[in-house]
Amino acid sequence: MRKANWIAGAAVVLVVLGIALTFDPLGFFADDMVDPQRDELDGDPLTSTVLRGRGTRALPDADPQTWEGEPVGRLALTLGGATLKGIVTGQGEPLRFARVRPVLAPPHHTVAVRTRKDGTWEITGLPDGRHELRASATDYVGRTALAPPVAGEQAATVEPIDLELRPENKNAVIVKVTDVFGRPIPGAKVLATTAPWDLHLSMGVELAGIPGVLHKSGITDENGRVRLAPLLPEEYGLVASAPGYVNASIAKLIVASGRMRSVGLRLIEGVSVRGRVLDSDGNGIGGAMVMGFAQPSWVSSLSVNADKQGNFVLDGLRKSPYLFMGWSEQHGATMVPGKAPSSIDLKLPGTGRVKGRAVWEDGTPLTGGSVRPFQVAPFAYAYSQVHAIRPDGTFDLRLPKGTYNCRVKSADGFVSDGSTVEVEVGALATIEVQVPKSAGVRGVVMDEAGRHIDGAEIFLMQGGFPETPSREQYARSDADGRFEVQGLKAGETVDLHVQHSDYADTKIRVSPGSAESAKELSVRLLAGATVAGRVTDASGTGIAGEQVNLAMGWFDARTTFTDADGAYRFDAVAPGTYMMRTGPFEQGGRGLRKSDIKIGTEGVVTIDFENPAAAGKISGMVTQAGTPVAGAQITLTDARGPEKAIGVRAGDDGRFAAEGIQFGSVRIDAKTPSGVVGSTRVTLTEGAEGPDVTVDIGSCTVRARIVDPAGEAAPGCWLTLELAEGEAEGWGRIKDNGNSDNEGTYVSRAVQPGMYTLRVNRAEYAQYRSAPFKLNQGENKDLGVIRMTGGAVLAGVVRDDAGAPVEKATISLRDAQGRKVQLFSMATTGSDGRYAMNSVEPGRYTVHIEAKGHAPDEKVVEVTAEGGTANGMLARGATVRVTVKDAGGTPIPDVRIRLFDAQGREVTRTISLVNFDSGRRYTGADGTTSLSDLAAGSYVVKCEKAGFVTVGGDARTTLEPGQVSATSAT
């Protein structure tokens, strides 16, 4: 049986760091070679898969006393003296044997009555109060009704509960797969799945332990078309592949009820990489898994298995740099940078062995269930796999080197707390995992009218990079809207996410309890708002087939496509602040973009995009160390993507000129005849003269060799070359990144002179950061051997001042010298308020905790080799709104705003998933900006802009929790 590509999780730790620190942080994970086209097809009706009626079972003429074990007509309880009665109808006609269940606490939560021949029912002996009633019947959509209040010996009649027939599932996606010339590709494989498609194809959802996965697959016909149906309403990842082509994908394609979608995927011809997978002695490893991630876009290839001699051919790759990964259960994993096409060897370092035992709190062994080992690292949980626990509670694992959390789930849904084990190559480690009798919640999901919703997802969101639905604390509602989520902590308030593509996402705050005590929940989903508009060209003509993305963050974009008139529409949008962009949603994407879009609970928000004309001109010069480079090759890429890139060559004087460029953001890449590359970005504005750009390629080189604690080469480490602190801000500090190769070597060329630091990351080691060093013009700097050390895990829980968990709080560190440990923090809390940060070097730290809408909190913690704990409490945050005008009262834009606390320290933030776009540090066109989520206290506001001085000195303000304070400067 082919094993999992869980190593992608560890590899992506490195890949994502590079993506996040180097490129556009506002879009991830769609294939920039994909050109989805709206393909207007004649959709033939789907054949129904829903059965109607009750089969051949004969119904009695007279009402029996019971039906399917439940009383007919009257349910007699002894919980009080109240009575409720009513009728259940189906599309206005009485329904016989419909089930009516009052919502009661255990042990009465399952009792129900069946309706009589005339559809009537009665429940006696109810306690005082206002009761919810769940009505259901075969072939009908269940519904929850609220009865009139009753007390004492009262009897009340409930309004008729009318049920609707369950609709046929006519949802479908019709996919047309073509090459870049629009020619159909028959025999292409197409998959729609609610799981990550690369994981679905390489590991499989069973090994990944992903519950509730919906998927359909098919093969294109001679016209390049395939019809995937029926599909339940959901957000699907779509991928198409064919031999010799680069696979194309779409993330989070929305399939709503009653919708037939037509989508086009365009495949480009691919290249191959050949090589061998070797063990530590240089012998070939048969059956090893190999895959690659294109750099810098993080687009996954398909996976292949090596032959008996360890040889492999990885086909369908882009002509680009890749991070290649090899894995074998017996020999471990490696990650090596390379290029396609090329040949490459992947040398696996070996594994350690973990023998474990899962027990209940009283020490008795579990008789079944599963264990999921995963490292506390970005994407590691998402790409982890589960292993079965033997009947005696034991398990035996082989794992690569690292620190693993072994999460155990019992057969009845109870989940263990974090239990970690350290794995060394060639060594045996043992662990005992104790599983508590954890708590849970159950309920029914319904719409505003009480109709029960099939297929809603209910889950705890797990913190980290990125936030991930927990696979152990997850449920999907059944045909009657029922769900149950186990494995939660008793006595702790927790937020659960509820999602369905026909309704706005929501969260419910619950206090989990035991099955013997918890009353079930009624979860109502709202229809939400609508975001709609058109994408047009400069003349106002609609652009068909344009991808449009709606997102709150980096990993949650919803995708749709424009119709023949350029119109698009998103329904069921939850309240919040969004960004939108056209084209592929990935780092480095250059589509049209709009930010800070406020969406309410209902209504229609119209957002139009106008695609600029491709009439821009750019001229410039390519230099290296200030000297013109003759014959340099220049590539200009605008919002239309790489397929529409414009290539020109510099003359003998190093100058170049290009035209036919689309207005907006443009990336300019220049390559010298010797292969050294430099790049820059410019913005073309319609009506303005085209800029004259200098692309100066540095002449310095930085190299280092990375080894593990034992002195062995450490391939696959992610390294970033950064300007030293104070030289630049945020993303601007990153000047290069890459991975160490098979020998642990990293080389950065074409670096500009300046003061730099080198940062090294790999999941199982503590982060390394060099002392600042200076690069002079033309210098070749060798930093020598960098030996990595073991890292520890810092964990904790963050709550607000009312004791509720705070989701998406971010955690960053300063060391004992007050220096920022992370340039970019990837530790965030889940919907239970918990977080874990890996690769922390033992020592004393100040832990900084912040979240949108809250004031920050700081804790001092000592992290030992065994780890550390830092909990946080976040109060309401304050906001200072700054307005800057000149002496005549005219607003001044682009003024830099700096904030200092009462001790004179500048208030800054580590870039993170939750604050990279929060708060502007420069005034807008109206001369204003707001700095939010501040702690109560006194502040000094400094305003800086070349050519201006502040009249009357710096502004001062004092803030209270939750206060919005306005201040002005002249």
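Remember, predicted model here, so these are calculated numbers, not experimental data.

A.B. asks: Hey, could you run me through the overall build of the chain in this one?
C.D. replies: Check the secondary structure of the chain and you find three helices and 82 strands. Rg of the C-alpha trace for the chain: 30 Å, near the compact-globule value of 30 Å for 970 residues, within the 12% margin. Seen through its C-alpha atoms, the chain measures out along the principal axes to roughly 100 × 80 × 65 Å. Buried positions account for 55% of the 970 residues belonging to the chain. Expressed as a percentage of contacts within the chain between residues at least 6 apart in sequence, the contacts between residues at least 24 apart total 66%.

A.B. asks: When you look at the environment of alanine 714 in this model, what are you seeing that I'm missing?
C.D. replies: Inspection of the secondary structure puts alanine 714 in the loop between β59 (700–707) and β60 (718–723). In the structure, alanine 714 is positioned 613 residues away from arginine 101 in sequence and 62 Å away in space, judged by C-alpha atoms. Residues within four places of alanine 714 in sequence aside, it is in contact with Ile706, Val707, Asp708, Ser740, Gly744 and Arg762.

A.B. asks: Please explain the sheet that holds strand β66 (residues 780–787) as it appears in this structure.
C.D. replies: Backbone hydrogen bonds hold the strands of a sheet together, and the pairing may be parallel or antiparallel. Spatial ordering of the open sheet is given by β62-β59-β66, a layout of three strands whose pairing is mixed. On the outer flanks of this sheet lie β62 (745–751) and β66, each paired with one strand and no other. Strand-to-strand, the axes of this sheet are offset by a mean angle of 15°, without reference to chain direction. Strand direction decides the pairing type here: β59 and β66, joined by six bridges, are parallel. In the strand pairing of β66, isoleucine 706 is matched with isoleucine 786.

A.B. asks: Just checking my understanding: could you explain the nonpolar core for this structure?
C.D. replies: Grouped together as the largest cluster of nonpolar side chains are 24 residues, with contacts concentrated most on Leu84, Val88, Trp121, Ile123, Leu133 and Leu163. Going through the elements one at a time, β4 (82–90), β8 (120–126), β9 (132–136) and β13 (161–165) are the ones with two or more residues in this core. When neighbours within four sequence positions are excluded, leucine 163 is seen to be in contact with Val88, Thr89, Gly90, Gln91, Leu95, Ala135, Ser136, Ala137, Tyr140, Val141, Gly142 and Arg143. Listed in part, the 23 residues of the second largest apolar core include Val177, Tyr236, Leu238 and Val263.

A.B. asks: I'm lost on the environment of aspartate 933 in this one. Help?
C.D. replies: Position of aspartate 933 among the secondary structure elements: in strand β79 (residues 928–934). Residue aspartate 933 is classed as buried on the basis of its relative accessible area of 10%. Residues aspartate 933 and proline 961, 28 residues apart in the sequence, show an inter-C-alpha distance of 9.4 Å.

A.B. asks: I would appreciate a short explanation of the sheet that holds strand β82 (residues 964–969) in the present structure.
C.D. replies: With respect to topology, three strands assemble into an open sheet ordered β79-β76-β82, the strand pairing being mixed. At either margin of the open sheet sits one strand with a lone partner, and together these are β79 and β82. For this sheet the average axis-to-axis angle between neighbouring strands, irrespective of direction, equals 20°. Bridging between strand β76 (residues 878–884) and β82 involves six bridges; their strand directions are parallel. Bridged to valine 880 within β82 is serine 965.

A.B. asks: Sorry if this is basic, but what is going on with the packing of aromatic side chains here?
C.D. replies: Both the distance between ring centres and the angle between the ring planes are used here to describe each pair of aromatic rings. Overall, the coordinates contain eight aromatic pairs when judged by the stated rule. Judged by centre distance (5.0 Å) and plane angle (80°), the ring pair of phenylalanine 374 and tyrosine 381 falls under edge-to-face. A single burial state applies to phenylalanine 374 and to tyrosine 381, both of which are buried. The side chain of lysine 437 reaches across the aromatic face of tryptophan 360, ending 3.8 Å from its centre. Above the plane of the ring of phenylalanine 900 lies lysine 942, whose end atom (NZ or CZ) is 5.6 Å from the centre.

A.B. asks: What's the story with unusual backbone geometry in this structure? I'm lost.
C.D. replies: Generally, phi is negative for residues other than glycine and the peptide bonds are trans, each holding for most cases. That bond from alanine 229 to proline 230 is cis: its omega, -10°, falls within 30 degrees of zero. With respect to the helices and strands, the residue proline 230 is situated in the loop between β17 (225–228) and β18 (234–241). Proline 341 follows alanine 340 through a cis peptide bond whose omega is 0°. Note on placement: proline 341 falls in the loop between β27 (332–339) and β28 (342–347). For alanine 572, which is not a glycine, the phi torsion comes out positive at approximately 55°. In this structure, alanine 572 sits in strand β46 (residues 567–573). Residue alanine 572 is classed as buried on the basis of its relative accessible area of 7%. Here aspartate 596, not a glycine, exhibits a phi torsion of approximately 55°, which is positive. Tracing the chain through its elements places aspartate 596 in strand β48 (residues 593–599).

A.B. asks: Is there a simple way to explain the pattern of salt bridges in this structure?
C.D. replies: Once the charged atoms of two side chains with opposite charge are near each other, the side chains can pair. Per the stated rule, a full pass over the model turns up 39 salt bridges. Among the ionic pairs, glutamate 472 bridges to arginine 407, the shortest N-O distance being 3.0 Å. A residue pair is termed long-range when its members are at least 10 positions apart, and glutamate 472 in strand β38 (residues 468–476) and arginine 407 in strand β33 (residues 402–409) qualify at 65 residues. Each member of the pair, glutamate 472 as well as arginine 407, carries the same accessibility label: buried. Here glutamate 779 and lysine 781 are joined by a salt bridge, their closest N and O atoms 4.0 Å apart. Among the ionic contacts, a cluster of salt bridges with common partners joins Glu68, Glu70, Arg99 and Arg114.

A.B. asks: Explain the pairing of strand β45 (residues 558–561) here, please?
C.D. replies: Two faces, one strand: in a regular strand the side chains alternate between the faces of the sheet. Here β45 shows two buried faces, one formed by Arg558 and Thr560 and the other by Thr559 and Phe561. When strand β44 (residues 547–551) meets β45, the two strands line up antiparallel, connected through four bridges. Counterpart to valine 548 in the pairing with β45 is threonine 560.

About the criteria used
- Residues numbered from 1 in each chain as written.
- Predicted model: local features only at pLDDT ≥ 70, side-chain atom pairs only at ≥ 80, totals over all residues.
- Heavy atoms only, no water.
- Helix = DSSP H or I, 4+ residues; strand = E, 2+ residues; numbered from the N terminus.
- Rg over C-alpha atoms; globule rule 2.2 N^0.38 Å.
- Buried < 20%, exposed > 50% of the residue type's maximum accessible area, 1.4 Å probe, protein only.
- Contact = heavy atoms within 4.5 Å.
- Pairing = 2+ DSSP bridges.
- Axes fitted to C-alpha atoms, helices over the stretch in contact; angles between N-to-C directions.
- Core = buried A, V, L, I, M, F, W, Y, C linked by side-chain atoms within 4.5 Å.
- Phe/Tyr/Trp six-rings, centres within 6.5 Å; stacked < 30°, edge-to-face > 60°.
- Lys NZ or Arg CZ within 6 Å of the ring centre and 35° of its normal.
- Salt bridge = Lys/Arg side-chain N within 4 Å of Asp/Glu carboxyl O.

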